[in-house]
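Remarks on the overall topology
Letter by letter, the chains look like this.
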Amino acid sequence: MTRRGEDHGGAVPRGRLDKRPAILDAAFDVFSQEGYAAAGVEVIAAKAGVAKHTVYNHFGDKLGLLRAVIAVEAERTAARNLAALDPLRKPDEDVRTVLEQAGFRLLECFNDDRSAALRRLAYAEVSQAPELLDLIQGRSVEAVTELLIAPAVQSDAPGEP
């Protein structure tokens with residue numbers, strides 16, 4: 001067990017109450033590096049600093065863990081994408097400039113290492129678990145789409161010039 005603030009070489013201190021986030025982060029890293037099929041729950045547990053049975057207690061099985069990892073990463077991706085598009089909510093500058101900047105920031109989000117790893121992982125396992133793409137679609141893509149079309153819907157509203 002390590003104390004708060006001590007360096008523990010990437011391992012998570014034992015005895016933490018918030019084991020679930022540590023397991024999810026470790027699982028994402030291991031799944032991304034080794035692929036789902038080759039990833040061992042023992043390796044994930046060790047990286048998270050928990051016992052193997054703790055992983056199973058939280059997620060049921062390896063596929064349940066993968067689903068949870070995809071869901072959490074899709075939420076993180078959605079948050080980054082929406083933050084990148086935030087200036088579109090109330091553009092203070094020329095609309096074209098705001099759109100170009102937002103588009104560039106969105107491309108940066110889409111092409112960062114974590115987003116690319118999420119897509120590779122989901123696409124590689126979609127034949128085994130088709131709902132993985134639905135998780136990404138529902139949590140990330142739909143939120144961005146709604147933000148992008150909101151100005152058009154508002155301008156088409158009755159009574160609007």
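Provided above is the structure to which this section pertains.
Residues numbered from 1 in each chain as written. Predicted model: local features only at pLDDT ≥ 70, side-chain atom pairs only at ≥ 80, totals over all residues. Heavy atoms only, no water.

**Things to note about the overall build of the protein**
- The number of helices and strands found in the protein is seven helices and zero strands.
- In the protein, the succession of α and β elements from N to C terminus is α-α-α-α-α-α-α.
- Taken over 161 residues, the protein has a buried fraction of 35%.
- Carbon and sulfur atoms make up 54% of the accessible area of the protein, which amounts to about 9800 Å² in all. (Helix = DSSP H or I, 4+ residues; strand = E, 2+ residues; numbered from the N terminus. Buried < 20%, exposed > 50% of the residue type's maximum accessible area, 1.4 Å probe, protein only. Areas by Shrake-Rupley, 256 points an atom, 1.4 Å probe, with all protein chains shown as cover.)

**Examining the environment of Gln33**
- Inspection of the secondary structure puts Gln33 in helix H1 (residues 19–34).
- On a C-alpha basis, the gap between Gln33 and Ala117 in space is 8.7 Å, while along the polypeptide they are 84 residues apart.

**As for the side chain of Asn81**
- Take Asn81: it is sitting in helix H4 (residues 62–85).
- Residue classification places Asn81 among the buried positions, given a relative accessible area of 9%.
- Leave out the neighbours within four places in its chain, and Asn81 touches Leu106, Cys109, Ser140 and Val144. (Contact = heavy atoms within 4.5 Å.)

**Things to note about the packing of aromatic side chains**
- With the rule as written, the count across this model stands at one aromatic pair.
- Over the ring of Tyr36 we find Lys62, and its NZ or CZ is 4.7 Å from the ring centre.
- Above the face of the Phe110 ring, Arg119 is positioned so that its terminal group lies 3.8 Å from the ring centre. (Phe/Tyr/Trp six-rings, centres within 6.5 Å; stacked < 30°, edge-to-face > 60°. Lys NZ or Arg CZ within 6 Å of the ring centre and 35° of its normal.)

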